[in-house]
Amino acid sequence: MLEAHFNTQTFVYNEIKPPPFKFAIVKHGIPYETEEFKITYYPDTVPMQDRPIGTGKGNTIPILPSWWSYMQKINNSDGYTYNRSVGAMWINIEYRDNDGNQIKTPRAESIHCGGNFVAYEEETGTHVKLISYDYRMKTDGLNPSVDNWFMKPYLFWKAVAVDKGGNMINPHVKSKGIDVYFPLIRNTELWMNRNDLELFPTPPDGVQYDLRGVNVYGWKNGDFLPLLTYTDRVRKFHTDWFGLSTMGVIPPEGF
């Protein structure tokens with residue numbers, strides 16, 4: 001399992017040039033509160049589309065054994081339990097029998113969580129096409145020490161719940177808030193409506209964005225410059241040209 005106290009502040013970048021993607025942060029889906037269910041916190045979910053049309057959810061996404069195996073590598077045991085849970089957020093169609101045996105392919109909702117980063121190359125006037133993994137790919141070639149939320153937070157996302165005031169908590173397992181990570185998996189394509197995103201500002205010439213967990217850096221000629229960092233879960237912007245009004249997810253311990 002990935003070390004829970006990974007600290008991006010001490011990461012050695014080795015002058016590896018980051019991918020030339022554009023980036024955005026997912027806005028929080030503030031719930032419409034009703035008196036019917038008496039729920040305080042709701043999953044902070046935002047829909048993704050299969051095509052650059054509308055605002056609804058795309059088709060459900062099959063989750064095959066290869067991806068289950070990988071999720072187990074990047075979560076602790078409680079996090080993996082939440083990954084596989086039904087009716088909590090990601091999967092809402094039962095796939096097990098009464099004895100807990102899997103009897104059909106699990107299918108996940110086409111959703112993201114507010115406060116997470118996304119990357120894109122293609123865009124329309126209304127949508128951006130997310131960089132993501134294919135649900136059919138074999139995960140043997142992925143390295144859990146590199147291919148994870150801490151190192152590539154645009155290809156993995158951290159679960160969060162939110163109340164109508166925008167206050168966030170982590171998912172709870174065994175009455176305890178925990179950090180839970182999911183890979184960003186597509187069925188056919190993944191698009192998000194631009195209204196659900198806050199796009200990163202265009203950087204100065206020669207600067208490329210590089211993301212690490214909740215932190216954002218600028219890369220230029222082999223140098224990495226802090227743009228947004230967290231210390232003791234308090235965020236700080238380091239330049240006058242980069243800023244985000246959307247709050248990120250709850251940083252794990254160590255940030």
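Provided above is the structure to which this section pertains.
Cut-offs applied
- Residues numbered from 1 in each chain as written.
- Predicted model: local features only at pLDDT ≥ 70, side-chain atom pairs only at ≥ 80, totals over all residues.
- Heavy atoms only, no water.
- Helix = DSSP H or I, 4+ residues; strand = E, 2+ residues; numbered from the N terminus.
- Rg over C-alpha atoms; globule rule 2.2 N^0.38 Å.
- Buried < 20%, exposed > 50% of the residue type's maximum accessible area, 1.4 Å probe, protein only.
- 1 Å grid on protein atoms, 1.4 Å probe; cavity = no way out; pocket = protein on both sides within 12 Å on 5 of 7 lines; lining within 4 Å.
- Points joined across faces, edges and corners; volume = space filled by probe spheres on them.
- Nonpolar A, V, L, I, M, F, W, Y, C, P; charged D, E, K, R; others polar.
- Polar contact = N/O pair within 3.5 Å; in protein donor to acceptor, adjacent residues only side chain to side chain.
- Salt bridge = Lys/Arg side-chain N within 4 Å of Asp/Glu carboxyl O.
- Contact = heavy atoms within 4.5 Å.
- Pairing = 2+ DSSP bridges.
- Axes fitted to C-alpha atoms, helices over the stretch in contact; angles between N-to-C directions.

Undergrad: Teacher, can you tell me more about the overall build of the chain here?
TA: Of regular secondary structure, the chain possesses two helices and 22 strands. Here the chain has a C-alpha radius of gyration of 18 Å; the compact-globule value for 255 residues is 18 Å, and the two agree. Seen along its three principal axes, the alpha-carbon backbone of the chain occupies a region of about 55 × 40 × 35 Å. Counting every position in the chain, which comprises 255 residues, the buried fraction comes to 49%.

Undergrad: Sorry, what's going on with empty space enclosed by the protein here?
TA: One water molecule sets the probe size; rolling that probe over the atoms shows where empty space is left. Using the criterion set out here, one finds three cavities of 30 Å³ or more in the structure. Empty space within the largest cavity amounts to approximately 50 Å³. Lining the largest cavity, in full, are Met 48, Ile 61, Trp 90, Glu 109, Ile 111, Trp 157, Pro 183, Leu 184 and Ile 185. Among the residues making up the lining of the largest cavity, the classes are represented as eight nonpolar, no polar and one charged.

Undergrad: What is the right way to look at the side chain of Asn 75 in this model?
TA: On the secondary structure map, Asn 75 appears in the loop between helix H1 (65-74) and helix H2 (77-83). Assessed through its relative accessible area of 3%, Asn 75 is described here as buried. A polar side-chain atom of Asn 75 sits 3.0 Å from the main-chain carbonyl oxygen of Met 71. Of the polar contacts made by the side chain of Asn 75, one reaches the backbone nitrogen of Tyr 181; its length is 2.8 Å.

Undergrad: Got a minute to help me understand the pattern of salt bridges in this structure?
TA: In a structure, side chains of opposite charge can pair up when their charged atoms sit close to one another. Applying the stated rule across the entire model yields eleven salt bridges. Its salt-bridge partner being Lys 152, residue Asp 147 comes within 2.6 Å of it at the nearest N-O pair. A salt bridge links Asp 210 to Arg 212; its shortest N-O distance comes to 3.1 Å. Both residues of the pair, Asp 210 and Arg 212, count as buried.

Undergrad: Would you mind going over the environment of Gln 208 with me for this structure?
TA: Tracing the sequence through the fold places Gln 208 in strand E19 (residues 208-212). The spatial distance from the C-alpha of Gln 208 to the C-alpha of Leu 227 is 11 Å, given a sequence separation of 19 residues. Residues contacting Gln 208, with those up to four places away along its chain left out, are Lys 17, Pro 18, Pro 19, Pro 20, Tyr 217, Gly 218 and Trp 219. Of the polar contacts made by the side chain of Gln 208, one reaches the backbone oxygen of Pro 18; its length is 3.1 Å.

Undergrad: Quick question: what am I supposed to make of the sheet that holds E19 here?
TA: What links the strands of a sheet is backbone hydrogen bonding, and the strands pair in either a parallel or an antiparallel sense. Judged by pairing direction, the sheet is antiparallel, and its four strands sit side by side in the order E19-E20-E21-E22 without closing on themselves. Of all strands in the sheet, those bounded by a partner on one side alone are E19 and strand E22 (234-237). Across the sheet, the mean angle separating the axes of adjacent strands is 25° when strand polarity is ignored. Pairing between strand E21 (residues 223-231) and E22: four bridges, direction antiparallel. Each residue of the ladder has a partner; that of Tyr 230, found in E22, is Arg 235.

Undergrad: Would you explain unusual backbone geometry in this entry?
TA: With phi around 55°, Lys 174 is a residue other than glycine that occupies positive phi space. Taking relative accessible area as the criterion, Lys 174 reaches 69% and is therefore assigned exposed. Even without glycine at this site, Arg 233 takes up a positive phi of about 65°. One can find Arg 233 in the loop between E21 and E22. For Arg 233, a relative accessible area of 39% corresponds to the partly exposed category.

Undergrad: What is the right way to look at the environment of Met 89 in this model?
TA: Within the element layout of this structure, Met 89 appears in the loop between H2 and strand E5 (107-108). Given the relative accessible area of 6%, Met 89 is considered buried. Spatially, the C-alpha atoms of Met 89 and Asp 44 are 8.9 Å apart, while their sequence positions differ by 45 residues. In contact with Met 89, other than residues within four places in its own chain, are Pro 43, Thr 45, Tyr 82, Glu 109, Ile 111, Cys 113, Trp 157, Ala 159 and Phe 182.

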